[in-house]
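In case you want the letters, here they are:
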Amino acid sequence: MGLVYRATVRAHSQPTPGRPTIEDVAAAAGVSRATAARALGGYGRVSDETRALVRKHAQALGYQANRLAQGMVTGRTLTLGFVSADMADAFFGQTMRGFTDIARAQDYDVIITNSEEDPRLERRAVETMLQRRVDGLLLAPTELDKPRRLEAVLASGLPVVQIDRSVRGLAADAVLIDNVGAARDAVNHLIERGHERIGLLTAGLADGDPIAQLDAVATDPVHAQTPLSRAVGYLSALRSAGLPVEARLIASASSAARYADRAEAAVAGLLAQSPPPTAILAVDGSLTLCAFEAVQDSGLRFPDECTVLGFDDLDWTRIVRPRVTVVAQPAYDIGATAARRLLARLAGDASPPQTLLLETSLVVRESTSSAMPAARRGASAKARTRAVSAPAGR
């Protein structure tokens with residue numbers, strides 16, 4: 001399991017000489033020690049005016065609460081857990097930022113760890129969170145058809161919110177996007193630009209017929225791995241437009257950065273088709289970069305002969321020329337919304353579990369040019385062949 005990070009540093013369990021105490025805060029605010037403790041600990045009856053006054057003096061004195069002692073009184077530690085699926089993915093970095101910003105504003109610390117998309121590591125991470133007695137848990141689950149383990153966590157009274165994907169049959173809140181719809185809109189944009197041979201770079205497919213696998217996913221895409229849900233949107237758009245769906249135009253590779261060479265090799269396989277695709281949809285930020293680099297290395301002119309449309313509005317997509325069209329996810333808002341759901345549950349919200357779908361946006365840039373006519377493509381290929389074959393010095 002990855003390192004455990006803390007959003008803030010705890011106070012020591014024993015008073016440190018010279019450090020302000022709860023008695024100091026009470027004296028400064030003109031209230032009893034018990035009232036100051038209730039105001040800072042978030043328990044018992046304290047008027048809003050008194051709570052604000054106590055917190056004002058606590059901040060002025062630089063008082064840091066003894067969370068261990070508070071937890072013994074309130075049954076809470078004022079910590080939330082976040083099990084990220086891949087800390088190297090910019091999407092989860094932005095999600096983490098949104099989550100911690102909201103948590104910190106409500107005086108919660110955040111413990112962060114990483115599953116690396118490995119169910120075994122995720123199980124260890126959840127156990128770590130339980131041992132540290134977090135008050136609520138946010139995670140991007142890896143085992144989407146095995147609800148029993150997380151059901152036990154919910155049964156213990158710990159609220160859980162899921163992001164990016166959700167477990168089938170688990171009665172827990174989830175903050176997602178419409179992955180099928182987002183991918184469908186992206187492919188429709190390419191079709192509107194004149195592209196008919198559109199390749200797909202996804203992740204999570206097993207050996208065998210990719211179309212049959214994706215048709216099975218289409219029966220319940222909300223509870224499928226994110227890349228596969230987006231691949232369902234790809235198929236839907238092609239079929240709705242009356243375009244052929246070809247298994248040889250679908251490639252699957254791990255989106256983990258350490259396997260980037262395999263993803264680029266998968267794209268090279270797409271580009272080796274005759275004729276090659278005029279556009280490729282890549283279903284996440286890492287795969288988008290791999291597809292872009294593979295097209296650049298292929299000798300095909302980008303975007304005239306083959307273009308890329310990807311997911312996640314990463315910095316590099318705006319720096320390269322021509323800039324790359326992407327589906328932008330509201331990653332920060334996903335984390336912030338998830339934090340608000342956890343805090344609402346902790347405040348007593350007992351409403352039925354909610355699945356919240358946040359909107360994506362298609363950021364159109366220069367990379368989505370019209371498809372090149374077949375005759376022109378053939379002429380370009382012949383020209384490249386002549387250039388490679390020409391004797392040196394000519």
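About the thresholds
Residues numbered from 1 in each chain as written. Predicted model: local features only at pLDDT ≥ 70, side-chain atom pairs only at ≥ 80, totals over all residues. Heavy atoms only, no water. Helix = DSSP H or I, 4+ residues; strand = E, 2+ residues; numbered from the N terminus. Buried < 20%, exposed > 50% of the residue type's maximum accessible area, 1.4 Å probe, protein only. Contact = heavy atoms within 4.5 Å. Areas by Shrake-Rupley, 256 points an atom, 1.4 Å probe, with all protein chains shown as cover. Axes fitted to C-alpha atoms, helices over the stretch in contact; angles between N-to-C directions. Parallel < 35°, antiparallel > 145°, perpendicular 65-115°, else oblique. Left-handed = near helix turned anticlockwise from the far one by under 90°. Nonpolar A, V, L, I, M, F, W, Y, C, P; charged D, E, K, R; others polar. Polar contact = N/O pair within 3.5 Å; in protein donor to acceptor, adjacent residues only side chain to side chain. pLDDT = per-residue confidence, 0-100. Core = buried A, V, L, I, M, F, W, Y, C linked by side-chain atoms within 4.5 Å. Salt bridge = Lys/Arg side-chain N within 4 Å of Asp/Glu carboxyl O. Right-handed = clockwise from strand over helix to strand, strands pointing away.

Here the focus is the overall build of the protein chain. Of the regular secondary structure elements, the protein chain holds 15 helices and 13 strands. For the protein chain, the residues scored as buried account for 48% of the 394 residues in total. Once local pairs closer than 6 in sequence are excluded, the contacts in the protein chain between residues at least 24 apart make up 69%. Carbon and sulfur atoms make up 52% of the accessible area of the protein chain, which amounts to about 18500 Å² in all.

Running from amino to carboxyl end, helix H8 (residues 179-192) crosses helix H10 (residues 226-240) at an angle of 40 degrees, the nearest separation of the two axes being 7 Å. For the element pair H8 / H10, the angle class is oblique. The handedness of the crossing between H8 and H10 comes out as right-handed. In this structure, H8 uses Asn179, Val180, Ala183, Arg184, Val187, Asn188 and Ile191 to contact H10, whose residues at the interface are Thr226, Ser229, Arg230, Val232, Gly233, Tyr234, Ser236, Ala237 and Leu238. Taken together, the residues that form the contact of H8 with H10 break down as eight nonpolar, six polar and two charged.

When you line up the elements, Glu122 lands in helix H6 (residues 119-131). Owing to a relative accessible area of 1%, Glu122 belongs among the buried residues under this scheme. Among the polar contacts listed, one links the side chain of Glu122 to the side chain of Arg149, at a separation of 2.5 Å. Every residue in contact with Glu122, bar those within four places of it in the chain, is listed here: Val83, Ser115, Leu139, Ala140, Pro141, Thr142, Glu143 and Arg149.

The subject of this paragraph is the confidence of the model for the protein chain. Taken residue by residue, the protein chain gives an average pLDDT of 87. The fraction at 70 or more is 85%. Here residues 375-394 is a poorly scored stretch, pLDDT under 50, and it has 11 contacts once near neighbours within four places are set aside; other chains count.

Before going further, it helps to spend a moment on the nonpolar core. Ranked by internal contacts, the top residues of the largest apolar core, which has 55 residues, are Leu201, Tyr234, Ile250, Ile280 and Leu281. For this core, the element with the most residues is H10, which contributes seven residues. Sequence-distant contacts of Ile250, that is, excluding residues within four places in its chain, are made with Leu200, Leu205, Pro210, Ile211, Leu214, Tyr234, Leu235 and Leu270. Core analysis: the second largest hydrophobic core is formed by 26 residues, Phe92, Ala103, Ile163 and Ile334 among them.

With that settled, the discussion passes to the pattern of salt bridges. If you walk through the whole model with that rule in mind, you get 24 salt bridges. Its salt-bridge partner being Glu143, residue Arg123 comes within 3.2 Å of it at the nearest N-O pair. Of this pair, Arg123 sits in helix H6 while Glu143 is found in the loop between strand S4 (136-139) and helix H7 (148-155), placing the two residues 20 residues apart along the sequence. Given a relative accessible area of 34%, Arg123 falls into the partly exposed group. Judged by its relative accessible area of 12%, Glu143 falls in the buried class. For Glu143, the salt bridge goes to Arg149, with nearest N and O atoms at 3.7 Å. Through salt bridges with shared partners, one network takes in Glu122, Arg123, Glu143, Lys146 and Arg149.

This next bit is on the pairing of strand S3 (residues 109-114). It is a general feature of regular strands that their side chains alternate between the two faces of the sheet. Counted residue by residue, S3 has six buried out of six residues, so it is predominantly covered. The side-chain alternation of S3 yields two buried faces, one formed by Asp109, Ile111 and Thr113 and the other by Val110, Ile112 and Asn114. On the question of chirality, the crossover connecting strand S2 (residues 79-84) to the parallel S3 by way of helix H5 (residues 90-105) is right-handed.

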